[in-house]
Amino acid sequence: MAPQVDAHSSIGALPGQRRFEWHAAAALARAGKPDVCIFGSEWLPYNCRIVEFGRSVRLYAEKSVGVAAVPPSETGRTCALLESVLPPHGPWSRLAFSPLNHVMIVTLWPSNQAIHPARMYGMVSQQQDELWDENPLFYEGMDAVSASQICGVDDDIQAIVRGLTRRSGISLEVLPIKEAYIRAYPDQIADRSTLQTCIASNAGYVGIKSPMIPADWPLNRLKVDYAHRYFTEDVPNGLCTLKAIADMVGVFVPKIDEVITWAQRKMGKEYIVNGRLAGENAHECCVPQRYGINNVEQLMGVPAARGYTSGSLAPSPPRRFMCSGLEYAANRSRL
C-alpha cells in the first residue's frame, strides 16, 4: 500500500488494537512516507459474520465507536471522514465515530483482547473433558465464571491505565468494560445489572457461537479450535501487548498473566516464562520494544517525537482515505 499513498492520505484499522499504528508507521517510514495519517478505533463498528465469503455477511449490530489518530490533530477530521464513507444503515443504527484524546486508548480498550481469551478460559475451565455436545453460544451463554475472568483482565487494564496516567501526566479515558459495553450498545442491552447480564442480554450478539471444531473422537462431539483468531490474534497481539506495557510501567497484572499462561499451553506456544515475556515464542508478540519504544515517555510521546502537535482543524487539500483495503477520496475542507 505504501507506494500508493502520500502526505494527504489516511490509513487505518477498525478496530485498531494489536498496535496497528506501530506496524503502519514502521512500514511507511521504510517507504520514506512518515507523514501519512494513521488511525484506529477501539471497537469494530459492526458485529457481523460471513454468510457467503466475499459476497455477504449477517449484520448483528452497529456501534458508536471512538477513534484516535496520529497525528492527534487529524482525529476530528478522521471521524468526519469515517462517517462520510461508512454511513448508518437505517434510522435504527447507532453507527457513529467520536474522537479519542490519545491513540494509546485504542490499544488499552477492553474489547476483543479482554473478552475472547478470558471467556474461553472460563468456558474450558468448567468442562472436565473439554468436549461439547453442542457449540455453546459465546455471548448469550456468558456465565459467572467467564464474566469473572473478563473482569479480572479489565481490572489489570485499569491498573495499566492508572500507571500510564501517573507516569505521563496524560489522562487516558479508557472505560471499565461494563461501562464500555453500555456506551457501545445503549439500546440493545436488556439487563445492565452486571457484566455477565450486559453481555448475555445484548441483542447485538444473538446467535454467535464459540470457536469449535469437530473432535477427533468421538466423532459426534466438538472441541475448542485453539487456532482460531480468539487465540492467535488476541493473545500474542493483545494480552501480550498489554503485558509488555504493564512491565514497562511497573504494574502487576496477575489475571493477564494467568490467561496468557493457560492459553499458550493450549496453543502450543511459550510467550511467558516465570512471569516475564521471555518465552520461545515471545518474538512473535506485538510489543513496543520491537519498534524501538523502550520507556513510557516514548510510548506516550510518539506523536510529539514525530513533530506533530494538536491544533485547529484547518482546511487542507483532498485527503485519500484507506481502510480495510478500500480507497476513498474526500475533501477535508468541506467537513
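Below or above, wherever it landed, is the structure these notes cover. (Residues numbered from 1 in each chain as written. Predicted model: local features only at pLDDT ≥ 70, side-chain atom pairs only at ≥ 80, totals over all residues. Heavy atoms only, no water.)

Comments concerning the packing of aromatic side chains
Each aromatic ring pair is summarised here by two numbers: the centre-to-centre distance and the angle between the ring planes. Let me state the cut-off plainly: Here the aromatic set is Phe, Tyr and Trp, taking the six-membered ring for Trp, and pairing holds for ring centres within 6.5 Å; pairs whose planes are under 30 degrees apart are stacked, those over 60 apart are edge-to-face, and all others are tilted. Helix numbering and strand numbering both begin at the N terminus, where a helix is a DSSP run of H or I of at least 4 residues and a strand a DSSP run of E of at least 2. Buried residues are those whose accessible area, probed at 1.4 Å on protein chains only, stays under 20% of the maximum for their type, while exposed residues exceed 50% and partly exposed ones sit between those limits.
Following the criterion strictly, the structure yields 13 aromatic pairs and no others. Summarising the aromatic geometry, the rings of Trp-22 and Tyr-291 are spaced 5.6 Å apart at their centres and angled 40° between planes, so their arrangement reads as tilted. One end of the pair, Trp-22, is in helix α1 (residues 20-30); the other, Tyr-291, is in the loop between α10 (254-267) and α11 (296-305), and 269 residues separate them in sequence. Under the relative-accessibility criterion, Tyr-291 is labelled partly exposed at 22%. With a centroid separation of 6.0 Å and 80° between ring planes, the pair formed by Tyr-181 and Tyr-205 is classed as edge-to-face. Taken together, the residues span a long stretch of sequence, with Tyr-181 in helix α6 (residues 177-184) and Tyr-205 in the loop between α7 (195-200) and β7 (212-214) at a distance of 24 residues. For Tyr-205, a relative accessible area of 4% puts it in the buried group.

Section: the packing of helix α4 (residues 112-125) against helix α5 (residues 144-168)
Two numbers describe a pair of packed helices, the interaxial angle and the distance between the axes. The condition is simple: Axis definition: a line fitted to C-alpha atoms, over the contacting stretch in the case of helices. Angles run 0 to 180 degrees between N-to-C directions. For a crossing to be left-handed, the near helix must be turned anticlockwise from the far one by less than a right angle; the clockwise case is right-handed. Two residues qualify as a contact provided that any one of their heavy atoms is within 4.5 Å of a heavy atom in the partner residue. Classification used: nonpolar for Ala, Val, Leu, Ile, Met, Phe, Trp, Tyr, Cys and Pro, charged for Asp, Glu, Lys and Arg, polar for all others including Gly.
Running from amino to carboxyl end, α4 crosses α5 at an angle of 145°, the nearest separation of the two axes being 7 Å. Classified by chirality, the crossing of α5 by α4 is right-handed. Residues Ala-114, Ile-115, Ala-118, Arg-119, Tyr-121, Gly-122, Met-123 and Ser-125 of α4 form the contact with α5, whose own contacting residues are Val-145, Ser-146, Gln-149, Ile-150, Val-153 and Ile-157. When the residues that make up the contact of α4 with α5 are grouped by side-chain class, the tally is nine nonpolar, four polar and one charged.

Side note on the packing of helix α9 (residues 235-249) against α10
Convention followed: Each angle receives one of four descriptions, namely roughly parallel if under 35 degrees, roughly antiparallel if over 145, roughly perpendicular if within 65 to 115, and oblique otherwise.
One can describe the packing of α9 onto α10 by two numbers: an axis separation of 10 Å at closest approach and a directional angle of 150°. With respect to their mutual orientation, α9 and α10 come out roughly antiparallel. The element α9 and its partner α10 pack so that their crossing is left-handed. In this structure, α9 contributes Val-235, Pro-236, Leu-239, Cys-240, Leu-242 and Lys-243 to the contact, and α10 contributes Ile-256, Asp-257, Val-259, Ile-260, Ala-263 and Met-267. Among the residues making up the contact of α9 with α10, the classes are represented as ten nonpolar, no polar and two charged.

As for the nonpolar core
We apply this condition: The term nonpolar core refers to a set of buried residues drawn from Ala, Val, Leu, Ile, Met, Phe, Trp, Tyr and Cys, joined through side-chain atoms within 4.5 Å.
Membership of the largest hydrophobic core comes to 90 residues, with the highest contact counts inside it found for Leu-108, Tyr-139, Leu-164, Leu-172, Tyr-181 and Phe-231. Here the element with the most residues in this core is α9; it accounts for nine residues. If we skip the residues at most four places from it in the chain, Leu-172 touches His-102, Met-104, Ile-105, Leu-108, Val-161, Leu-164, Thr-165 and Met-300. Counting residues in hydrophobic clusters, the runner-up holds seven residues, among them Val-5, Ile-11, Leu-28 and Ile-38.

Observations concerning the environment of Asp-187
With respect to the helices and strands, the residue Asp-187 is situated in the loop between α6 and α7. What makes Asp-187 exposed here is its relative accessible area of 51%.

Let's talk about the pattern of salt bridges
Note the threshold: Salt bridges are identified by distance alone: a Lys or Arg side-chain nitrogen within 4 Å of an Asp or Glu carboxyl oxygen.
Evaluation of the coordinates by the stated rule reveals twelve salt bridges. Its salt-bridge partner being Glu-52, residue Arg-55 comes within 3.6 Å of it at the nearest N-O pair. Classification of Arg-55 as exposed rests on a relative accessible area of 67%. Taking relative accessible area as the criterion, Glu-52 reaches 41% and is therefore assigned partly exposed. One network of salt bridges, in which partners are shared, links Asp-129, Asp-133 and Arg-221.

A closer look at α10
To keep things clear, this is the line we draw: Take the number of residues in a helix, subtract one, and multiply by 1.5 Å to get its expected span.
Under the 1.5 Å per step criterion, the end-to-end length of α10 is 20 Å for 14 residues, consistent within 8% with the ideal 20 Å. Along α10, the residues that are buried comprise Lys-255, Ile-256, Asp-257, Val-259, Ile-260, Trp-262, Ala-263, Gln-264 and Met-267. The inward-facing, buried residues of α10 abut α4, α5, α8 (229-232) and α9. One or two positions beyond α10, positive phi appears at Gly-268, with a value near 75°.

A word on the environment of Thr-197
Here is the rule we go by: Think of a polar contact as two N or O atoms within 3.5 Å of one another; within protein, one of them needs to be a possible hydrogen donor and the other a possible acceptor, and neighboring residues in sequence only count if both atoms come from side chains.
Relative to the elements of secondary structure, Thr-197 occurs in helix α7. When residues no more than four places from it in sequence are discounted, the contact partners of Thr-197 are Asp-191 and Arg-192. Only 3.1 Å separates the side chain of Thr-197 from the side chain of Ser-193, close enough to count as a polar contact.

Some words on the state of the cysteines
Should the sulfur atoms of two cysteines be covalently bonded, the bond is a disulfide. Short version of the rule: In this description, the term disulfide denotes a pair of cysteine sulfurs within 2.5 Å.
This structure, assessed with the given rule, holds zero disulfides. Free of any disulfide, Cys-285 has its nearest neighbouring cysteine sulfur in Cys-240, separated by 3.7 Å. Given the relative accessible area of 0%, Cys-285 is considered buried.

Concerning α9
Between the first and last C-alpha of α9 there are 20 Å, a value that for 15 residues agrees with the 21 Å anticipated at 1.5 Å per step. Most of α9 is tucked away: 14 of the 15 residues are buried. Among the residues trailing α9, Gly-250 stands out with phi positive, at a value near 85°.

Section: a nonpolar patch on the surface
Quick note on the threshold: Put simply, a patch holds well-exposed residues, over 30% relative accessible area, that have no salt bridge, with like charges counted together within 9 Å and Val, Leu, Ile, Met, Phe, Trp or Tyr side chains within 5 Å. Working definition of accessibility: Shrake-Rupley area with a 1.4 Å probe, residue cover restricted to the visible protein chains.
A contiguous nonpolar surface patch, about 370 Å² in accessible area, is contributed by Ile-50, Phe-53 and Val-57. Within the fold, Val-57 resides in strand β4 (residues 56-62). You can call Val-57 partly exposed: its relative accessible area is 47%.

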